[in-house]
Amino acid sequence: MKNIDNSLTADLTAKFAKKKRKVRKGIKLGVLCVAFALFAVNLSCNEKKAEETHEEEKSQTEATLTESQYKTVGIETGFIEKRNLNKIIKANGYTTVPPQNSAEVSTLIGGTVKDIYVLEGTFVNKGKVLATIQNLEVIEMQEDFHSATANVEYLQLEYNRQKTLSDENVNPRKTFQEVKAKLTAERARAQAAKNKLEALHVGTKGSSSLVPIVAPISGYVGKISIAKGAFAQTGVSLFEVVDNSQMHLDLNVYEKDLGSISIGQVIDFVLTNQSNKSIKGKIFGINKSFSNESKTVAVHAKIDPADAKDLISGMYVSANINIVNATVPALPKDAVVKNADKYFIFVQEDDHKNEKTKEKEIHFKAIEVIPGTTDLGFTEVKLLYKMEPGAKIVTKGAFYLLSAMKGGGEHEH
């Protein structure tokens, strides 16, 4: 009986041990499955995190606008260009024209204004009739000329006859001398009358009381100081005519800078109220005396006629006199934007079509740069990375793109 009990006990122990081993194996397998699942989840999370990090880094250097946003913002692009921005002397001044290129038109004889043929701002050629005035004295001048001319013709015939008689000793020499004196006097009277009429630009033929007021130079009509029916007085300006083709600058330079100024130096200047357009010039003259009020010396610079045609005499300018003709890469100052402690410019990339919205999108990439001298509306830029030749740089709207970039690439306007 005891043996039977021992045998049953042994069987139960063996079965329990076997079952225990199965449970342990199942637990181990479950642990491995859980571990594998955790590893897979962790791997997926790491990949997703890496992808999100990549997208985040990308969003921090790129901006995207739809075509409608692009048009609304008014994005403009340009290229990096060479500019003289370093080693300069600043000077202020104004545009002016030489005395021979500016005229105050008046009349040599007073009269009533009959007609006016031009408007302010009209371009006229030299000799163009600007207006006419009426004065009856002109008729008397023409009559004097005609009378003197007729007398000259008669006295010339008498002179020839008396000369022949005098040479043949038929008439006294005194008669010939009297005719000669009268001929000389009438010739002088005719010439004087002719000179008066020519000075008034009135013809010697016919009889008219109208005196034309003509342009003494080619140029643009400035202020008109007369009206129809008014009396035009002598010595009073009736019109201004200015020829802008020889426009130049008068710059005021202080004594401390005179030693660095010389003829032939190139200058860059902008109009005080239009700082977005830079114009070049070249120094051609330096005054040898100081201005009593400002204690400065006037420096004169020529402007290229192509750039001077849209300028008006008297415009105030801010100029940089380039002491050394060193050039640096530069962009309009609005093209360079600051984000935190770094400076960027934006390069326009290829267009793409959004598959969801079916609208064209324009992509921009921020390129870090180091800014240098900023003047005359331009900033020197030093590139930290190589850029493709001919890359389109955003010159207007860069600040908007910076806002879009900081917003994760989307920006509502």
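Since we're looking at a predicted model, the values are computed, not measured.

1. Things to note about the sheet that holds strand β11 (residues 231-232)
Reasoning step 1: Taken together, four strands build an open sheet; the order of strands is β9-β8-β6-β11 and the sheet is antiparallel. Each edge of the sheet is formed by a strand with only one pairing partner; in this case those strands are β9 (210-214) and β11.
Reasoning step 2: As paired strands, strand β6 (residues 111-116) and strand β8 (residues 129-134) are joined by four bridges and run antiparallel to one another. When the bridges of β8 are listed, isoleucine 116 appears paired with alanine 131.

2. Description of the nonpolar core
Reasoning step 1: Leu130 and Phe239 are the most contacted members of the largest nonpolar core, which has 27 residues in total.
Reasoning step 2: Those elements giving two or more residues to this core turn out to be β5 (102-105), β8, α3 (137-167), α4 (173-199), β9, β10 (219-224) and β12 (239-242).
Reasoning step 3: Core analysis: the next-biggest nonpolar cluster, separate from the first, contains 22 residues, Ile267, Phe269, Ala301 and Ala308 among them.

3. Overview of the packing of aromatic side chains
Reasoning step 1: One pass over the full model with this rule turns up three aromatic pairs.
Reasoning step 2: Their ring planes at 10 degrees and their centres at 6.2 Å tell us that tyrosine 70 and phenylalanine 364 sit as a pair that is stacked. Of the two residues, tyrosine 70 sits in helix α2 (residues 67-73) while phenylalanine 364 sits in strand β21 (residues 360-375), which places them 294 residues apart along the sequence.
Reasoning step 3: Ring plane angle 70 degrees and centroid distance 5.2 Å describe the contact between phenylalanine 123 and tyrosine 220, whose orientation is recorded as edge-to-face. Residue phenylalanine 123 is located in strand β7 (residues 123-124), and its partner tyrosine 220 is located in strand β10; the two are separated by 97 residues in the primary sequence.
Reasoning step 4: Judged by relative accessible area, phenylalanine 123 falls into the partly exposed class, the value being 45%.
Reasoning step 5: Sitting over the ring of phenylalanine 378, arginine 83 keeps its end group 4.0 Å from the ring centre.
Reasoning step 6: Between the NZ or CZ atom of lysine 302 and the centre of the ring of phenylalanine 284, over which it lies, the distance is 5.7 Å.

What counts and how
Sequence order sets the numbering: in each chain, residues are counted from 1 along the sequence as written. Local features are withheld for residues below a pLDDT of 70 in this predicted model, meaning they are given only at 70 or higher, and side-chain atom pairs are given and counted only at 80 or more; totals for whole chains, interfaces and linings count all residues. Where side-chain values are given, they derive from all heavy atoms of the structure, hydrogens and water being excluded. Strand pairing is defined by DSSP finding a minimum of two bridges between the two strands. Counting from the N terminus, the helices are DSSP H or I runs at least four residues long and the strands are E runs at least two residues long. We call a set of buried residues a nonpolar core when its members are Ala, Val, Leu, Ile, Met, Phe, Trp, Tyr or Cys and they connect through side-chain atoms within 4.5 Å of each other. A 1.4 Å probe rolled over the protein chains alone gives each residue an accessible area, and that area as a share of the maximum for its type sets the label: buried under 20%, exposed over 50%, partly exposed in between. What counts as a ring pair is set by centres within 6.5 Å for rings of Phe, Tyr and Trp (its six-membered ring), and what kind of pair is set by the plane angle: stacked under 30 degrees, edge-to-face over 60, tilted for all other angles. For a lysine, the NZ atom is tested; for an arginine, the CZ atom; a charge sits over a ring if that atom is within 6 Å of the ring centre and within 35 degrees of the ring normal.

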